[in-house]
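Coordinate analysis (summary)
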Amino acid sequence: STLAVTIGAPFHDGGKDVTSYRVDYSTKPFVQERQRISLACTPQPEIQSVTTSASDINEVQYLILDSSYSGNGEILEVQNIRCDATGGVFGVSLAGETAYISHDADANDIKESLESMKMVGEVSIVFNNGKSTACAPFDGSSAGDFSVTFESLSGMDGDLPLM
């Protein structure tokens, strides 16, 4: 018996001339294979990527991730701001827009200022180290210190640039 094979240009040639081809054949029908990939991780505030690789052959690969993680997979961005000042106003910028915050702003004032930015939907503010205003003079151990948690954003996700 004979077999005639006509081969066209490959979809992926790696940018080089194709000088040979590999033809897989069998005397039995090909069967679909199922591969299992296990990934164990504890969610951290970072972007994680999963990369798979295989020989460049014309096949469809399905990637199914199993997890015992019971959360929703979302880790909110938290940024910490420290301010050593007794007066004035300072600005924080995100995506080309600046929010201005008074040195004596409380949590609600900071929240309103940040949420006035177009891309910021909702933030929560927590003061650290016993502070209650955006800025405070350095007392030998700390200055004004608060954390901003981005609850929702418009047009941006993942790891945000620092404000």
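Structure: above.
Residues numbered from 1 in each chain as written. Predicted model: local features only at pLDDT ≥ 70, side-chain atom pairs only at ≥ 80, totals over all residues. Heavy atoms only, no water.

1. Re helix α1 (residues 107–115)
To keep it simple, the criterion reads: Here the term buried applies to any residue with accessible area under 20% of the maximum for its type, exposed to any over 50%, and partly exposed to those in between, with areas from a 1.4 Å probe on protein chains only. Under the DSSP-based scheme used, a helix requires at least four consecutive residues in state H or I and a strand at least two consecutive residues in state E, with every element numbered from the N terminus. The directions from the helix axis to the C-beta atoms form the arc being described. What makes two residues a contact is simply this: any of their non-hydrogen atoms within 4.5 Å.
For α1, every residue scored as buried is listed here: Ile110, Ser113 and Leu114. Taken end-on, α1 shows its buried residues confined to a sector of 95°, consistent with a single buried face. For α1, the secondary structure elements touched by its buried residues are β2 (89–94), β3 (97–102), β4 (120–127) and β5 (144–153).

2. Re the pairing of β5
On a regular strand, each side chain points to the face opposite its neighbour's, so the side chains alternate between the two faces of the sheet. Selection rule: Any two strands are treated as partners once DSSP identifies two or more bridges connecting them.
Counting buried positions along β5 yields seven of 10 residues, so the element is predominantly enclosed. Relative to β5, strand β1 (residues 77–83) runs antiparallel, the two sharing seven bridges. When the bridges of β5 are listed, Gln79 appears paired with Val148. Sheet topology places β4 next to β5; seven bridges connect them, and they run antiparallel. Bridge assignment links Val126 to a residue of β5, and that residue is Ser147.

3. Digging into the state of the cysteines
What counts here: Pairs of cysteine sulfur atoms within 2.5 Å are what we label disulfides.
Evaluation of the coordinates by the stated rule reveals one disulfide. Here Cys83 pairs with Cys135 through a disulfide, and the sulfurs are 2.0 Å apart. On the S-S bond that ties Cys83 to Cys135, the torsion sits near 85°, and the link is right-handed. Taken together, the residues span a long stretch of sequence, with Cys83 in strand β1 and Cys135 in the loop between β4 and β5 at a distance of 52 residues. Per residue, the accessibility class of Cys83 equals that of Cys135, and both read buried.

4. Regarding the sheet that holds β5
Using the following cut-off: Convention adopted: a line fitted to C-alpha atoms gives each axis, helices being fitted over their contacting stretch, and angles between N-to-C directions are expressed from 0 to 180 degrees.
With antiparallel pairing, the three strands of this open sheet are ordered in space as β1-β5-β4. Edge strands, defined here as strands with exactly one partner in the open sheet, are β1 and β4. For this sheet the average axis-to-axis angle between neighbouring strands, irrespective of direction, equals 30°. Sitting on the sheet, α1 touches β4 and β5, and the angle it makes with β4 is about 155°.

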